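# Coordinate inspection notes
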Amino acid sequence: MSALESLTDIPGTPVFTGFSASRGLALNKMCYSFNDRESREAFVRDEEGYMARFGLNDAQKAAIRARNVAQLIEAGGNVYYLAKFAGIFGLSVQDIGAQQTGMSVDAFKAHLLAQGE
Amino acid sequence: MARIIGGLTTSHVPSIAGAMARGEERTPYWKPFFDAFTPVHEWLNRERPDVAIVIYNDHGLNFFLDKMPTFSVGAAARYDNADEGWGIPILPSFEGDVDLSWHLIEHLVADEFDLTICQEMLVDHAFTLPIKLMYPDSGGQWPVRTIPITINSIQHPLPSAMRCWKLGQAIGRAVNSFPKDMKVVVVGTGGLSHQLDGERAGLINKAFDLFCMEKIVSDPAALAALSNREIIERAGSQGVELMTWITMRGALNGDVRKVTSLYHAPISNTGGAVMLLSNGSQSVSLAAE
């Protein structure tokens, strides 16, 4: 059985490899902290200070400021942890799907429905 | 002796929790999904399992990326749910079965599965929602004891479908050798196709999901033979939760029959699916193995 296979060239599909995990550790660790309500509130009170505390790099900080999921993934973010960040702003997985695909939220929801038919 | 009386699989999409909290089970969007549990409830009422072994993937509640076990098994007397960050209700605690946990761990390690053993473990929506769907009216007095088993589906490399199939088979053998009369249901949670990230976000592959639901009953070895790449290509990057279905199916080593199943897409961004299989006491499986 073949042990190794390439996962990183599937079109439109980020795969959270060791490379992503290394690059994204600080960002994902910050997002993991958002399981805790007090941490979410601390982030909202002082976003810059909170990012500095977790040691985010410039690209990660810029992506957090922009609330840009594609940039966050590019910077090593994992979508399960990023969902906790998105939750602070009440963004659903349809909202972040729409953002990443360039569709309106309504168009994205229609796309989901169409595939169920 | 302990015996596995059946296997249940269900999607564990967090929005199910929101729908239940808002009482939306009868709305057109949700009704087909919740209705699928009526025959499940009838079966549970009739069979009354003592223990549910719940195979799922943690989404960043108990495990962070600092330490990510490929497989972990709970060995606690109690498992707590907790805040996951995006506002679904926290469910009451779940009673464990410490003796069966340690028996499983002993046998799985002897069977060459190098587990992470957890005497404290927070259980996330992928564990809690299926139990809530099984017992919606229990008021948090869950009528089963539980054992969580997690499969890493966040940090690649992930275990292969074949490895998960073999884990399931080892779970089946371990339960069957537990020297205490009890009925066990194995629950696999997650899937089916979905992808939350990237330009292909929103992918649902109904044809592949229906293929999986057919094969999981009659030819699970065909699913165990899929590579992770094939699963991601066809079911999306989070479609790898299919591993939990395959593991569940591996544990059913008797006369396996479908009790009920439902496919309902989309649920949120996911191909929603529910299936209940009974595992009769006869030793010859419908599957080739």
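Scope of this entry: the structure provided in the associated data block. None of the values given here were measured: they were computed from a predicted structure.

Cut-offs and rules
Each chain has its residues counted from 1, running along the sequence as written. Starting at A for chains and at 1 for ligands, labels are handed out in the order in which the entities are written. The model is predicted, so local features are restricted to residues of pLDDT at least 70 and side-chain atom pairs to those at 80 or more, both for listing and for counting; the totals for chains, interfaces and linings are taken over all residues. Water and hydrogen atoms play no part in the side-chain values, which are based on all heavy atoms of the structure. Working definition: helices are DSSP H or I runs of at least four residues, strands are E runs of at least two. Numbering for both runs from the N terminus. The globule rule used for comparison is 2.2 Å times the number of residues to the exponent 0.38, while the radius of gyration itself is calculated over C-alpha atoms. Burial here depends on accessible area, computed with a 1.4 Å probe over protein chains only, as a share of the maximum for the residue type. Under 20% is buried, over 50% is exposed, and the range in between is partly exposed. Only heavy atoms matter for contacts: two residues are in contact if any of them lie within 4.5 Å across the pair. We get accessible surface area from the Shrake-Rupley algorithm with a probe of 1.4 Å; when it comes to residues, only the shown protein chains can shield them. In summary, the charge assignment counts Lys and Arg as positive and Asp and Glu as negative, without counting His or the chain termini. A charge is said to be at NZ when it belongs to Lys, at CZ for Arg, at CG for Asp and at CD for Glu. Whenever a helix is involved, its axis is fitted only over the stretch in contact; in every case the axis is a line through C-alpha atoms, and angles between N-to-C directions fall within 0 to 180 degrees. Roughly parallel here means an angle under 35 degrees, roughly antiparallel means over 145, roughly perpendicular means 65 to 115, and every remaining angle is called oblique. Should the near helix be turned anticlockwise from the far one by less than a right angle, the crossing is left-handed, and should it be turned clockwise, the crossing is right-handed. Pairs of strands are assigned from DSSP output, requiring at least two bridges between the strands. In these notes, a set of buried Ala, Val, Leu, Ile, Met, Phe, Trp, Tyr and Cys residues joined through side-chain atoms within 4.5 Å is what counts as a nonpolar core. As used here, the arc belongs to the directions running from the helix axis to the C-beta atoms. Residues adjacent in sequence count toward polar contacts only when both atoms are side-chain atoms; beyond that, a polar contact is any pair of N or O atoms within 3.5 Å, and within protein one must be able to donate a hydrogen and the other to accept it.

## Side note on the overall build of chain B
Of regular secondary structure, chain B possesses 10 helices and 10 strands. A globule of 289 residues ought to have a C-alpha radius of gyration of about 19 Å, and chain B, at 17 Å, matches this closely. If you line up chain B on its principal axes, its C-alpha atoms span 45 × 40 × 40 Å. The buried share among the 289 residues of chain B stands at 63%. Partitioning the contacts of chain B with sequence separation of at least 6, the portion at a separation of at least 24 is 81%. Accessible area of chain B: about 10200 Å², with a carbon and sulfur share of 49%. Distance from the positive charge centre (23 side chains) to the negative charge centre (32 side chains) of chain B: 6 Å.

## Some points on the packing of helix H4 (residues 98-110) of chain B against helix H6 (residues 161-176) of chain B
Helix-helix packing: each pair is described by the crossing angle between the helix axes and the interaxial distance. All names here are of chain B. At a minimum axis distance of 9 Å, the contact between H4 and H6 shows a crossing angle of 125 degrees. Between H4 and H6, the interaxial angle falls into the category oblique. Taken as a pair, H4 and H6 cross one another with a handedness that is right-handed. The residues of H6 that touch H4, namely those facing His103, Leu104, His107 and Leu108, are Leu167, Ala170, Ile171, Ala174 and Val175.

## Side note on the sheet that holds strand S2 (residues 51-56) of chain B
Residue and element names in this part refer to chain B. Spatial ordering of the open sheet is given by S6-S3-S7-S2-S8-S1-S10-S9, a layout of 8 strands whose pairing is mixed. For this open sheet the edge positions go to strand S6 (116-118) and strand S9 (255-267), each flanked by a neighbour on one side alone. When strand polarity is set aside, the average angle formed by the axes of neighbouring strands in this sheet is 20 degrees. Pairing of S2 with strand S7 (residues 145-151) involves 6 bridges; the strand directions are parallel. Opposite Ile55, over in S7, you have Ile149 as the bridge partner. The strands touched by helix H5 (residues 125-134) are strand S1 (2-10), S2, S7 and strand S8 (182-189); relative to S2, the strand with the most contacts, the crossing angle is about 140 degrees.

## Focus on the nonpolar core
All names here are of chain B. Judged by nonpolar contacts, the single largest core of 63 residues is most densely connected at Ile53, Ile171 and Leu242. Here this core gets 8 residues from one element, more than from any other, and that element is H6. Setting aside anything within four residues of it in sequence, one finds Leu242 in contact with Leu192, Phe208, Cys212, Leu226 and Ile231. Formed by 42 residues, the second largest nonpolar core is a distinct cluster that contains Leu44, Ala52, Leu133 and Leu276.

## Looking at helix H4 (residues 58-66) of chain A
All names here are of chain A. Three or more residues of H4 are buried, namely Gln60, Lys61, Ala63 and Ile64. In a view along the axis of H4, the buried residues occupy a sector of 165 degrees, so they form one face of it. In this fold, the buried residues of H4 make contact with helix H1 (18-33), helix H2 (37-45), helix H3 (47-54), helix H5 (69-74) and helix H6 (79-88). At the N-terminal end of H4, a side-chain oxygen is found 3.2 Å from the backbone nitrogen of Ala59, two or three residues along, and the residue is Asn57. Within two residues after H4, Arg67 carries a phi angle of roughly 50 degrees, on the positive side.

Honestly, it's all geometry; don't read function into it.
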